[in-house]
Amino acid sequence: MSSALTDLVPLPIVQAPMAGGVSVPRLAAAVSEAGGLGFLAAGYKTADGMYQEIKALRALTSRPFGVNLFMPQPEYAEPAAVEVYAEQLAGEATWYDAELGDPDSGRDDGYEAKLAVLLDNPVPVVSFHFGCPTPEVIEALARKGTLTLVTATSAEEAQAVERSGAHAVIVQGVEAGGHQGTHRDDPERDCAGIGLLSLVAQVREAVALPMVAAGGIMRGGQIAALLTAGVSAAQLGTAFLATTESGAHAVHKQALTDPLFVRTELTRAFSGRPARGLVNRFLREHGPYAPVAYPEVHHLTSPLRKAAAKAGDAQGMALWAGQGHRMARQLPAGKLVEVLAAEIAAAQAAQASARVGSQGGGQAGSQAGSEVR
C-alpha cells in the first residue's frame, strides 16, 4: 500500500466518479469525511459547472478528493449509421413525447477548458477515462501537486498509462457498471473484456505503477482480497450509487435490488459506447442495433432518458450498474465506508489467523516427522 494515493487517505476506498448527476458534492464529501476518497464527475458538465461543484465540495469538506475528466474522442461514427438509429428511436420519442437530441452537440466534453480550471485551481487528485492524457498534461498537473490516475482495461493500456507518467492506474474489470474506460473503442472487442482478478494479475506483471481496482466490488472482503492481490485501493461505483447522498434517481436506486432486473449487460444502446447496465426494455430492443458512435448516440438519446426518468419509467432509463448490483446497501455514504472498513479489517484478520494456523500446522508436522525418524 505504498503509494502517494494511499498516503493521501486513511482507507483504501475510492468512490467512483459517476457522471450524469450521481457523483454530487454531498456524496464525495461524505466519503472523504469518512476516510475514503470522494470523487466528482466532470463528464457532461461545462468547465464552469465543474468549478462550481468543486467550490461546493470544498465548502463541505477539507479532506482530499478527486475530479474525473473524459478524454476527447476521435471520430468513429458514420453519420448514416447514426441517422438510421435515430429513425429506429422515433417510436421512443413519440412514446415519451420528447424530441431526439442533436448528435452533433460536441465531441471533446470541454476537455481543454476543464484542464485550464484544474491547473488554475488545483485539486488533490485528477483521474482520466476513455484514454490517456499526454505526458505534458500529467507533468503540468504534477507541478501543481495533483496526483493523476488513468483507467486501463488491459495490460497494454496500463503500459500506456505508465509511459504517460501518471501516478497510478485504475484497473477496470469487465464487471464494472457504466462505461468501460477503453482507450480505443474497438467494436471487435465488445465481448473481450477481462475479469478484474485476471486483469489485476496481468497489469501487476506489466507495470510497476500502483493499482486501484474497479469492477463489481461491493464488500470489504472483496477489497481485502484485492489488497492481497497487490492493489493499493479499490474503486466502488454501484455500491455508492445506492447511498443516501447519491444523486441517482430514486427509480435507479430501487432497480439495483429489484427482482425484476436480474442481470446486467454491456450495451451501446444509450451512448454508442460499451457501458454496463441493468437489462431493461430499451436495452433489449435497441442494443443490438446501436452504432459505434460515442458521444453522438449519447446526445441523441439524452432527451429520451430524461423523459423516462421524469416519468419514473425504469424501462427507458440508462440503469448503469455493475455485476454486483444485487448486493447494494441503501446506507448513508459515510456509514457505508465505515461498514466496508470493518469488513476489510475482519477479512484481513481472518487471513492473518489462517496464515498463523497454517504455519503452526506446518511446524507441528515437521516436529512429528522428526519424532518418527
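Residues numbered from 1 in each chain as written. Predicted model: local features only at pLDDT ≥ 70, side-chain atom pairs only at ≥ 80, totals over all residues. Heavy atoms only, no water.

1. Focus: the sheet that holds strand β4 (residues 125–129)
- One open sheet holds the eight strands; their spatial order is β1-β9-β8-β6-β5-β4-β3-β2, and the pairing between them is parallel. On the outer flanks of this sheet lie β1 (13–15) and β2 (38–41), each paired with one strand and no other. Averaged over all neighbouring strand pairs, the angle between strand axes comes to 25°, with direction disregarded.
- In this structure, strand β5 (residues 147–152) lies alongside strand β6 (residues 168–172), joined through four bridges in parallel fashion. From the neighbouring strand, L149 faces β6, where its bridge partner is A168.
- Each of β2 and β3 (65–70) touches helix α3 (residues 47–60); the most contacted strand, β3, lies at about 165° to it. (Pairing = 2+ DSSP bridges. Helix = DSSP H or I, 4+ residues; strand = E, 2+ residues; numbered from the N terminus. Axes fitted to C-alpha atoms, helices over the stretch in contact; angles between N-to-C directions. Contact = heavy atoms within 4.5 Å.)

2. Things to note about the sheet that holds strand β7 (residues 178–179)
- Pairing in this open sheet of three strands is antiparallel, and the strands run β7-β11-β10 from one edge to the other. For this open sheet the edge positions go to β7 and β10 (264–267), each flanked by a neighbour on one side alone.
- Bridge analysis of β10 against strand β11 (residues 275–278) gives four bridges, and the strand direction is antiparallel. Directly across from T267, in β11, lies its bridge partner A275.

3. Some words on the packing of helix α6 (residues 111–120) against helix α7 (residues 135–143)
- Interaxial distance between α6 and α7 falls to 10 Å at its minimum, and their mutual angle equals 25°. Taken together, α6 and α7 sit at an angle that is classed as roughly parallel. Of α7, the residues touching α6 (which contributes Y111, L115, L118 and L119) are V137, A140 and L141. (Parallel < 35°, antiparallel > 145°, perpendicular 65-115°, else oblique.)

4. Describing the nonpolar core
- By size, the foremost hydrophobic cluster in this structure holds 98 residues, and its most contacted members are V67, L69, L118, F128, V169, I223 and F240.
- Excluding its chain neighbours within four sequence positions, the residues that come into contact with I223 are P12, I13, I217, A234, L236, L340 and I344.
- Core analysis: the next-biggest nonpolar cluster, separate from the first, contains 13 residues, V14, L37, F39 and V212 among them. (Core = buried A, V, L, I, M, F, W, Y, C linked by side-chain atoms within 4.5 Å. Buried < 20%, exposed > 50% of the residue type's maximum accessible area, 1.4 Å probe, protein only.)

5. Description of α6
- Of all the positions in α6, only Y111, K114, L115, V117 and L118 are classed as buried. Within α6, the buried residues cover an arc of 160° as seen down the axis, which keeps them to one side. Across α6 from its buried face, at more than 90 degrees, point the exposed residues E112 and D120.
- Residues of α6 that are buried sit in contact with α3, β3, β4 and α7. (Arc of directions from axis to C-beta.)

6. Looking at unusual backbone geometry
- That bond from Y294 to P295 is cis: its omega, 10°, falls within 30 degrees of zero.
- Structurally, P295 can be placed in the loop between α13 (281–286) and α14 (296–310).
- With a phi close to 70°, Y44 is a non-glycine residue in the positive phi region.
- Inspection of the secondary structure puts Y44 in the loop between β2 and α3.
- Taking relative accessible area as the criterion, Y44 reaches 31% and is therefore assigned partly exposed.

Note that all results are geometric; they support no functional claim without further evidence.
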